[in-house]
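Residues per chain, in single letters:
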Amino acid sequence: MWTSLVYLFLFLPSNVLCSRHRRHKQKITIALNLPFDVPTPALIKLGGDDMNTGKYYASAAKVAVQDINRNTNLLGNIKLNLYYNHAYSDTKCLDFRPSQAMLHELNVVNASGFIGFGCYCLTVAKVLASINLPLISH
């Protein structure tokens, strides 16, 4: 599933790939943001437990990126980099954390796209859409 999501992510923002990366960069950074230890409120209501937290499925995103990087037919010599920094990227299902993570990843990491945010993604989604950067949220 993660590989499919990352493939979809790569082919949606064609202007990002063409203009920003094919000509100037050889690396695309995707920021992964999720509640690492806290299950989302929606999952708790459905009877979810801590098996629904990011610590159990975040590694799938890394495997998907590795698979894409191994297939040189997809992006040629452009490599994907998955960014996750527990201090910023763990949203903890707190409403202010996704915005903090996004700002850090835009300004410090220079992320080209985002996956995750989980509990509170509406504000981040609107900001990223306004600057034409992709977000896949769950």
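A quick note: this is a predicted structure, and the numbers were derived from the prediction, not measured. (Residues numbered from 1 in each chain as written. Predicted model: local features only at pLDDT ≥ 70, side-chain atom pairs only at ≥ 80, totals over all residues. Heavy atoms only, no water.)

Moving on to the overall build of the chain. Tallying secondary structure elements over the chain gives 8 helices and 4 strands in all. If you list the helices and strands of the chain from N to C, you get α-α-β-α-α-α-β-α-α-β-α-β. Relative to its 138 residues, the chain shows a buried fraction of 40%. Here the analysis covers contacts within the chain between residues at least 6 apart in sequence; of these, 63% occur between residues at least 24 apart. Carbon and sulfur atoms make up 58% of the accessible area of the chain, which amounts to about 7,400 Å² in all. (Helix = DSSP H or I, 4+ residues; strand = E, 2+ residues; numbered from the N terminus. Buried < 20%, exposed > 50% of the residue type's maximum accessible area, 1.4 Å probe, protein only. Contact = heavy atoms within 4.5 Å. Areas by Shrake-Rupley, 256 points an atom, 1.4 Å probe, with all protein chains shown as cover.)

For the rest of this paragraph, the subject is the confidence of the model for the chain. For the chain, per-residue confidence averages 76 on the pLDDT scale, and residues scoring 70 or more make up 70% of the total. Considering only residues more than four positions removed or in separate chains, one finds that residues 12–17, a stretch of pLDDT under 50, has 10 contacts. (pLDDT = per-residue confidence, 0-100.)

It is worth spelling out the sheet that holds strand 3 (residues 113–116) at this point. Spatially, 4 strands are ordered 2-1-3-4 in an open sheet, and the strand pairing comes out parallel. The open sheet has two edge strands, strand 2 (79–83) and strand 4 (135–136), and neither has a second partner. (Pairing = 2+ DSSP bridges.)

Time to look at the pattern of salt bridges. Here the structure, examined in full by the defined rule, presents 1 salt bridge. With a shortest N-O distance of 3.5 Å, arginine 70 and aspartate 67 are connected by a salt bridge. One end of the pair, arginine 70, and the other, aspartate 67, are both in helix 4 (residues 58–70), 3 residues apart, so they sit about a helical turn from each other. We classify aspartate 67 as partly exposed; its relative accessible area is 32%. (Salt bridge = Lys/Arg side-chain N within 4 Å of Asp/Glu carboxyl O.)

Another point: the environment of asparagine 85. Its place among the elements puts asparagine 85 in the loop between strand 2 and helix 6 (86–89). Here the side chain of asparagine 85 touches tyrosine 83 through a polar contact of 3.2 Å, side chain to side chain. (Polar contact = N/O pair within 3.5 Å; in protein donor to acceptor, adjacent residues only side chain to side chain.)

Let us look at the nonpolar core. In this structure, Leu32, Leu75, Leu80 and Ile115 are the most contacted members of the largest nonpolar core, which totals 13 residues. Where this core is concerned, the elements lending two or more residues are strand 1 (27–33) and helix 4. In terms of residue count, the dominant contributor to this core is helix 4 (4 residues). Ala31, Tyr83, Leu106 and Ala111 belong to the second largest nonpolar core, which has 12 residues in total. (Core = buried A, V, L, I, M, F, W, Y, C linked by side-chain atoms within 4.5 Å.)

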